[in-house]
Amino acid sequence: MTLPIVHHPAYCADLPANHRFPMDKFRAVADLVQREGLLEGKAFYRPRPAPFEWVALAHDPHYVDQVFTSQVADKVAREIGFPMREDIALRARCATGGSVLTGYLALEHGVACNTAGGSHHARRAHGAGFCVFNDVAVAIKVLQADGAIRKALVIDLDVHQGDGTADIFQGDPDVFTFSMHSQKNYPVRKVPSHLDIGLADATGDADYLATLADVLPQLIARDTWDLAFFNAGVDPYIEDRLGRLALSRDGLRQRDLYVIRTLRDAGIPVAGVLGGGYSDDIDELADRHVILHRSARLVLGQKEAPVV
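Presented here is an overview of the structure given in this document. Per chain, residues are indexed from 1 in the order of the written sequence. Only residues with pLDDT of at least 70 get local features here, since the model is predicted, and only at 80 or more are side-chain atom pairs given and counted; chain-wide, interface and lining totals rely on the full set of residues. Derived side-chain values reflect all non-hydrogen atoms in the structure, with water molecules and hydrogen atoms excluded from consideration.

## Some words on the pairing of strand E3 (residues 152-156)
Two faces, one strand: in a regular strand the side chains alternate between the faces of the sheet.
Turning to step 1, where the next piece is worked out: Here the term buried applies to any residue with accessible area under 20% of the maximum for its type, exposed to any over 50%, and partly exposed to those in between, with areas from a 1.4 Å probe on protein chains only. A run of H or I in DSSP counts as a helix once it spans at least four residues, and a run of E counts as a strand once it spans at least two, with each numbered from the N terminus. Burial analysis of E3 places five of its five residues in the buried class, the great majority of the element.
Turning to step 2, where the next piece is worked out: The side-chain alternation of E3 yields two buried faces, one formed by Ala152, Val154 and Asp156 and the other by Leu153 and Ile155.
Turning to step 3, where the next piece is worked out: The criterion for strand pairing is that DSSP finds at least two bridges linking the strands in question. Bridge count for E3 against strand E4 (residues 175-182) is five bridges, and the pairing is parallel. Bridge assignment links Asp156 to a residue of E4, and that residue is Ser179.
Turning to step 4, where the next piece is worked out: Whether a crossover is right-handed comes down to one check: with the strands pointing away from the viewer, does the path from the first strand over the helix to the second run clockwise; if it does, it is right-handed. Handedness of the β-α-β unit built from E3, helix H7 (residues 163-168) and E4 comes out right-handed.
Turning to step 5, where the next piece is worked out: Inspection of the sheet shows E3 paired to strand E6 (residues 227-231) by five bridges, in the parallel sense.

Following this line, the structure appears as structure tokens:
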């Protein structure tokens, strides 16, 4: 079975050349996925832009309307970090629609990956930290409203704490949010997830992977999960421009393989989203991000192999 991978050309909007957010990485990730043959000759799954009704399941309708009409208040736009133009709004809608589609494909195939997503700083009332809409939160809400799932687990391994996802699902008994991140990194004011693990600066592969291996089986055993969203941010990498941890590339690979394999061994479908990653070298950054897709393809292939 070919790994379902979701992509839309609108994931890559235009930003000034000196902007801190590496927007071109989304195009580079898609190109690398194709060059490496991870699609196995097939096409990307192309999502529809998320409609208002979907996004408003997770966000304040007033804020959603502001984004859709490019009338976001200047203060909020500054907190997001993007000029709130029509193409930026379309990008957010497509990435969100992409995570919705990734969730459905994961339910069908066991594993699926987006080439964007993981905008975990967007809270119910507004966006922040380069995140306009919280695509994972919207996806879970849409899947729940459709009756496709009830219980969802969020495994957020971006280097930054998932404050927006935590905000949206506070008090929700059907969604469990887990964030393992750099404690001293952004955001300064964190919204408590159901479980947060804040790591010390320069935490490396051994301690990181040991902590994850101690926690993930416990999370799986907490409930019967219909779906897990995995935010595979690559900013815990030692040379990431905005990270404070010290994972190697092999550490990232071991992390992704462990998460996806452990969830699949427990029978939980996995929807992988890109998460954060920051570098001036777009090719290097894309190669880091595609660790997610390589790992998912490997696990999916192992699941298909006959038992001898």
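## Some words on the environment of Arg255
Turning to step 1, where the next piece is worked out: One can find Arg255 in helix H9 (residues 249-265).
Turning to step 2, where the next piece is worked out: Judged by relative accessible area, Arg255 falls into the buried class, the value being 0%.
Turning to step 3, where the next piece is worked out: A C-alpha to C-alpha distance of 9.5 Å links Arg255 and Leu292, two positions 37 residues apart in sequence.
Turning to step 4, where the next piece is worked out: Should any heavy atoms of two residues lie within 4.5 Å, those residues are considered in contact. Contacts of Arg255, omitting those with residues within four sequence positions, involve Leu157, Tyr208, Leu209, Leu212, Phe230, Ala232, Gly233 and Pro236.
Turning to step 5, where the next piece is worked out: Polar contacts involving the side chain of Arg255 include one to the side chain of Asp256, which spans 2.9 Å. Between N or O atoms, a polar contact is any pair within 3.5 Å; within protein, one atom must be a potential hydrogen donor and the other a potential acceptor, and residues adjacent in sequence are included only when both atoms are from side chains.

## Describing the pattern of salt bridges
Turning to step 1, where the next piece is worked out: Just to be clear on terms, a salt bridge is a Lys or Arg side-chain nitrogen sitting within 4 Å of an Asp or Glu carboxyl oxygen. Under the counting rule described, the total for this entry stands at 17 salt bridges.
Turning to step 2, where the next piece is worked out: Here Arg294 ties to Asp287 by a salt bridge, and the two come within 2.6 Å at their closest N and O atoms.
Turning to step 3, where the next piece is worked out: Of the residues examined, Arg294 reaches a relative accessible area of 25% and is grouped as partly exposed.
Turning to step 4, where the next piece is worked out: A network of salt bridges, in which partner residues are shared, links Glu36, Asp240, Arg249, Glu284, Asp287, Arg288 and Arg294.

## Focus: unusual backbone geometry
Turning to step 1, where the next piece is worked out: In this chain, Tyr186 is followed by Pro187 through a cis amide linkage whose omega measures -5°.
Turning to step 2, where the next piece is worked out: Along the chain, Pro187 turns up in the loop between E4 and strand E5 (195-199).
Turning to step 3, where the next piece is worked out: The backbone of Ser70 shows a phi angle near 55°, a positive value even though the residue is not glycine.
Turning to step 4, where the next piece is worked out: At Ala202, a position not held by glycine, the phi torsion is positive, near 70°.

## Points about the side chain of Ser119
Turning to step 1, where the next piece is worked out: By the secondary structure assignment, Ser119 is in the loop between strand E2 (111-114) and helix H6 (135-145).
Turning to step 2, where the next piece is worked out: Overall, Ser119 belongs to the buried group, its relative accessible area being 15%.
Turning to step 3, where the next piece is worked out: Leave out the neighbours within four places in its chain, and Ser119 touches Cys131, Phe133, Asn134 and Asp135.

## Section: helix H1 (residues 25-35)
Turning to step 1, where the next piece is worked out: Lys25, Phe26, Ala28, Val29, Ala30, Leu32 and Val33 are the residues of H1 that are buried.
Turning to step 2, where the next piece is worked out: Phi turns positive, to about 75°, at Gly37, one or two residues after H1.

## What about the pairing of E4?
Turning to step 1, where the next piece is worked out: Across the eight residues of E4, eight count as buried, placing the element largely inside the fold.
Turning to step 2, where the next piece is worked out: As defined by bridge partners, E4 adjoins E5 across five bridges and the pair is classed as parallel. The residue of E5 that forms the bridge with Met180 is Ile197.

## Observations regarding the sheet that holds E3
Turning to step 1, where the next piece is worked out: A sheet is described by the order of its strands in space; here seven strands give the open sequence E1-E2-E7-E6-E3-E4-E5, paired in parallel fashion. In this open sheet, the two edge strands, each paired with only one partner strand, are strand E1 (5-6) and E5.
Turning to step 2, where the next piece is worked out: Helix axes are fitted to C-alpha atoms over the stretch in contact, other axes to C-alpha atoms as well, and angles between N-to-C directions run from 0 to 180 degrees. Running over the sheet, helix H5 (residues 86-109) touches E1, E2, E6 and strand E7 (270-273) and is turned about 165° from E2.
Turning to step 3, where the next piece is worked out: The sheet strands contacting H9 are E2, E3, E6 and E7, and the helix crosses E6 at an angle near 175°.

## Notes on the packing of aromatic side chains
Turning to step 1, where the next piece is worked out: Each Phe, Tyr or Trp ring, with Trp reduced to its six-membered ring, pairs with another whose centre is within 6.5 Å; inter-plane angles below 30 degrees give stacked pairs, above 60 give edge-to-face pairs, and intermediate values give tilted ones. A full pass over the atoms with the stated rule returns 10 aromatic pairs.
Turning to step 2, where the next piece is worked out: The interplanar angle of 80° and the centroid separation of 5.2 Å between the aromatic rings of Phe21 and Phe82 together place this pair among those described as edge-to-face. Taken together, the residues span a long stretch of sequence, with Phe21 in the loop between E1 and H1 and Phe82 in the loop between helix H4 (74-80) and H5 at a distance of 61 residues.
Turning to step 3, where the next piece is worked out: The class for Phe21 is buried, based on a relative accessible area of 8%.
Turning to step 4, where the next piece is worked out: Relative accessible area serves as the criterion here: at 3%, Phe82 is assigned to the buried category.
Turning to step 5, where the next piece is worked out: Clustering of aromatic rings is evident, with ring pairs tying together Phe21, Phe26, Phe82, Phe130 and Tyr278.
Turning to step 6, where the next piece is worked out: Geometrically, a lysine NZ or arginine CZ counts as sitting over a ring once it is within 6 Å of the ring centre and also within 35 degrees of the ring normal. Against the face of Tyr278 rests Lys25, its NZ or CZ located 5.5 Å from the ring centre.
Turning to step 7, where the next piece is worked out: Directly above the aromatic system of Trp54 lies the positively charged group of Arg48, at a separation of 5.0 Å from the ring centroid.

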